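What follows is each chain in one-letter form.
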Amino acid sequence: MLSEAAARLLQSLLVLLTMSAVVFAGVYLIGNPLDMLIPPQASELERAQAGHALGLDQSLITQYLLFLQHALEGNLGRSFFSNSPALGLILDRLPATIELALSAALIAVGLGVPIGIGCAWYAQRFGTRVLLGLATLGFSVPTFWVGLLLIMLFSVQLQWLPSGGRDASGHLFGIATSFGSWRGLSHLLLPAISLALFKLALLIRLTYAATREVLQQDFILAARARGVALPRLLGVHVLRNIGVSLTQVIGLEFGALVAFSIVTESVFAWPGMGKLLIDAINSLDRPVVVAYLLVTVTLFTAINLVVDLIALVLDPRLRRAGLQ
Amino acid sequence: MKPRAFSLAVAALGLIALAALCAPWLASQDPHDLAQLSLAHARLAPFEAAPDGRWYLLGTDDQGRDMTAAILYGLRTSLGVGLSATLAALAIGLIGGLGAALLRGWPEALILRLVDLQLSFPAILVAIVLIATLGEGTGKVVSAVVIAQWAYYARTARAVARVEIERGYVAAARGLALPQWRIVLFQLIPNCLPPMLAVATVQMAAAISLEATLSFLGLGVPLTRPSLGLLIANGAHYVFAGQYWMSLAPGVALLALILSIQCVGEQWVERLGPQGQP
């Protein structure tokens, strides 16, 4: 178990190293790095000085090691526009994005898994067909358009909920968060639903398919013969068996939620790091883009690692199977 | 899904594709030709009469563009980007996957690692980052979608090819001492194609959605040739003024397009059985 965990950790570090090389290559090798790292209005002398200061006259390997060293020290350059450290800007926005992704994940998992199991149990009912049809619809509808529809309906027509922005004036356990006040929650609701919809549809379909498979197995028949009550049958016997693959999907999809929040944040003017990324891309603020990438890559690698470790805990069979 | 629903999806997709193809004859105007537009007709609601008594089925946008025409032409852009990106990604994935299955050893391990690494990052993130490095434009969008999606095809191609290589017809062809390229080109590829095309259909829905999302974010196709995503983005500014039609109708068209492709693709994958699963 411990050696497996250590092996996965090593794997994650390798992925991080690879991705840092990819980001390095992307930013430093495509085009002139100076164009990307210093503002276009700089003079020739300033360019030469900057080139020397950045070590661009050194060999590629040395440059990459320097980039790595700076990255490890948390120095990813300064934003061209606000002149504050790029990493700090990203990390300031991280809580808002995590908050949004977490709420969306809660909605998607809290609704998707029960609905999926229910649909599999009542597979022949008319309601099941309607729900699965809606799931296909939710699977196809573009996230940003759903956001607009929600704004049209709930903000413009009914005027029930705000159409954008974040209110983190409330506190929960001493942390400023949208969960801390009703106003905060009302700002969070629409973006969270819009972000959750695609994953909700995905989870309904995956849970449905996985449960259908589990329900055909002998131990379910045995449990039913023993007279196990329905809530226990579905909530324990079935859930435990679809749990391993579902945790893996949910973990990976959480990463996708963070990535997709780029879109939702732009629709709802949610001040997360995705909105910052789009603003940075539009204003050619490369250090911020690089900082976003490295933070996201680290986050994804961490999520993958945690998912792998949870699978090791949940499924004893994996511990002996070893790494492929 | 029932066969009836499948036929319905195929029919809907056919109609949409036909409408996009015939856009120049169906549309009342060329929405890209600014000379044909009149600002006096700007932001008319559906059926609302302009000063000269003219009205539009789906209203007009902020440039006085007939939304019906804009959507028909937008469909062309969306379908065009989706089709070309899908074909290119299919070709690259097929070569990569077949290569992996044929060569085995370290090339296979390398390709598999690359595929795994890329699939652990969402396509939308890969595409946005690529646009940020490559720059904007229709060609760049296509390449971003291709790079974001090739790995799905490569994984399927390798899985299918490994099964097909073991089949009798390949052994027979080898027994006839046919050159390797002939076996690959005329035996292996035709037999690998059906599941690949089914996957390609599902991925095409994803590609069109991806292009729409990039264009909505202002990272996609140029303003001069708006796709459905860009039409929605333009209309989004007027949502708060209650002028819903500029983003509602293009969205419905986009949803109909993606949904019909998705349904056709999923049904196709299902019919081929577990072998065709990505």
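The rules behind these values
Residues numbered from 1 in each chain as written. Chains lettered and ligands numbered in written order. Predicted model: local features only at pLDDT ≥ 70, side-chain atom pairs only at ≥ 80, totals over all residues. Heavy atoms only, no water. Helix = DSSP H or I, 4+ residues; strand = E, 2+ residues; numbered from the N terminus. Buried < 20%, exposed > 50% of the residue type's maximum accessible area, 1.4 Å probe, protein only. Contact = heavy atoms within 4.5 Å. Core = buried A, V, L, I, M, F, W, Y, C linked by side-chain atoms within 4.5 Å. Salt bridge = Lys/Arg side-chain N within 4 Å of Asp/Glu carboxyl O. Phe/Tyr/Trp six-rings, centres within 6.5 Å; stacked < 30°, edge-to-face > 60°. Lys NZ or Arg CZ within 6 Å of the ring centre and 35° of its normal. Expected span 1.5 Å × (residues − 1). Axes fitted to C-alpha atoms, helices over the stretch in contact; angles between N-to-C directions. Parallel < 35°, antiparallel > 145°, perpendicular 65-115°, else oblique. Left-handed = near helix turned anticlockwise from the far one by under 90°. Nonpolar A, V, L, I, M, F, W, Y, C, P; charged D, E, K, R; others polar.

Colleague: Give a detailed account of the overall build of chain A, specifying residues and quantitative values.
Modeller: Helices and strands together make up the secondary structure of chain A, namely 13 helices and 2 strands. Looking at chain A residue by residue over its 324 residues, the buried ones come to 45%.

Colleague: Mind laying out the overall build of chain B, listing which residues take part and the relevant values?
Modeller: A count of helices and strands for chain B gives 10 helices and 0 strands. Traced from its N-terminal end to its C-terminal end, chain B shows the element sequence α-α-α-α-α-α-α-α-α-α. On the principal axes, the C-alpha backbone points of chain B span a range of 80 × 45 × 30 Å. Here chain B holds 278 residues, and the buried ones make up 53% of them. Residue pairs in contact within chain B that sit at least 24 positions apart in sequence constitute 70% of those at least 6 positions apart.

Colleague: Any chance you could break down the nonpolar core for me, citing the residues and the numbers?
Modeller: Phe-144 of chain A together with Ile-128 and Phe-216 of chain B are the most contacted members of the largest nonpolar core, which totals 127 residues. Sorting elements by how many residues they give to this core places helix α8 (residues 180–216) of chain B first, with 15 residues. Beyond its immediate sequence surroundings of up to four residues, Phe-144 of chain A is in contact with Val-263 and Val-267 of chain A together with Ala-212, Thr-213, Phe-216, Gly-229, Ile-232 and Leu-254 of chain B. With 25 residues, the next largest nonpolar core counts Ala-135, Leu-203, Val-214 and Val-228 of chain A among its residues.

Colleague: An account of the interface of chain B and chain A is needed here, citing residue identities and associated values.
Modeller: Contacts between the two partners involve 37 residues from chain B, matched on the other side by 40 residues from chain A. At the junction of chain B and chain A, the tally comes to 1 salt bridge. Across the pair Glu-266 of chain B and Arg-205 of chain A runs a salt bridge whose closest N-O atoms are separated by 2.6 Å. Among the secondary structure elements, those contributing two or more residues to the side of chain B that touches chain A are α4 (105–119), α5 (123–134), α8, α9 (228–236) and α10 (245–272) of chain B.

Colleague: Outline the packing of aromatic side chains, supporting the account with residue identities and numerical values.
Modeller: For the structure shown, the criterion picks out 6 aromatic pairs over all chains. Judged by centre distance (5.2 Å) and plane angle (15°), the ring pair of Phe-139 of chain A and Phe-198 of chain A falls under stacked. Here the residue Phe-139 of chain A occupies a position in helix α6 (residues 126–140), and Phe-198 of chain A occupies one in helix α8 (residues 182–215), the gap between them amounting to 59 residues. A residue is classified by how much of its surface remains accessible, and Phe-139 of chain A, at 18% relative accessible area, is buried. Judged by centre distance (6.0 Å) and plane angle (40°), the rings of Phe-154 of chain A and Trp-160 of chain A are tilted. Phe-154 of chain A gets classed as partly exposed once you look at its relative accessible area, which sits at 23%. By relative accessible area, Trp-160 of chain A is classed as exposed at 61%. An aromatic cluster is defined as three or more aromatic residues linked by ring pairs; in this entry it consists of Phe-139, Phe-198 and Phe-260 of chain A. The aromatic ring of Phe-139 of chain A is capped on one face by Arg-205 of chain A, whose charged end is 4.5 Å from the ring centroid. Across from the ring centre of Phe-6 of chain B, 4.4 Å away, lies the NZ or CZ of Arg-271 of chain B, which sits over that ring.

Colleague: Account for unusual backbone geometry, naming residues and giving values.
Modeller: Although it is not a glycine, Arg-104 of chain B adopts a positive phi angle of roughly 50°. Position of Arg-104 of chain B relative to the elements: it lies in the loop between α3 (67–103) and α4.

Colleague: Kindly report on helix α7 (residues 143–157) of chain A, identifying the contributing residues and their values.
Modeller: For α7 of chain A, with 15 residues, the first-to-last C-alpha span of 20 Å sits near the 21 Å given by 1.5 Å per residue. In terms of burial, α7 of chain A is largely enclosed, as 11 of its 15 residues are buried. Contacts from the buried residues of α7 of chain A go to α8 and α10 (230–268) of chain A together with α8, α9 and α10 of chain B. Looking one or two places after α7 of chain A, you find Gln-159 of chain A, whose phi comes out positive at around 55°.

Colleague: I'd like a description of the pattern of salt bridges, backed by residues and values.
Modeller: All names here are of chain B. Under the criterion given, the structure shown has 8 salt bridges over all chains. With a shortest N-O distance of 4.0 Å, Arg-113 and Asp-116 are connected by a salt bridge. With Arg-113 and Asp-116 both in helix α4, this residue pair falls 3 residues apart, about one helical turn. Several salt bridges converge on common partners, so that one network encompasses Arg-104, Glu-108, Arg-158 and Arg-162.

Colleague: Quick one: what's the story with the environment of Ala-50 of chain B, residue by residue and with numbers?
Modeller: Here Ala-50 of chain B is to be found in the loop between α2 (23–26) and α3. When the C-alpha positions of Ala-50 of chain B and Pro-222 of chain B are compared, they lie 29 Å apart, and in sequence the two are 172 residues distant.

Colleague: Got a sec to walk through the environment of Asn-282 of chain A? Specific residues and values, please.
Modeller: Mapped onto the elements, Asn-282 of chain A comes out in helix α11 (residues 273–282). The residues touching Asn-282 of chain A, leaving out its near neighbours within four places in the chain, are Glu-136, Leu-217, Gly-218 and Leu-219 of chain B.

Colleague: Help me get a handle on the packing of α4 of chain B against helix α6 (residues 138–165) of chain B, residues and values and all.
Modeller: Residues and elements named next belong to chain B. Two numbers describe how α4 lies on α6: the axes approach to 9 Å, and their chain directions differ by 135°. Between α4 and α6, the crossing angle belongs to the class labelled oblique. Crossing of α4 against α6: the hand is left-handed. For the pair α4 and α6, the contacting residues are Glu-108, Leu-112, Leu-114, Val-115, Gln-118 and Leu-119 in the first and Ile-147, Ala-148, Trp-150, Ala-151, Tyr-152, Ala-154, Arg-155, Arg-158 and Arg-162 in the second. A breakdown of the residues in the contact of α4 with α6 according to their chemical character gives 10 nonpolar, 1 polar and 4 charged.

Function-wise, these values are silent; they only describe arrangement.
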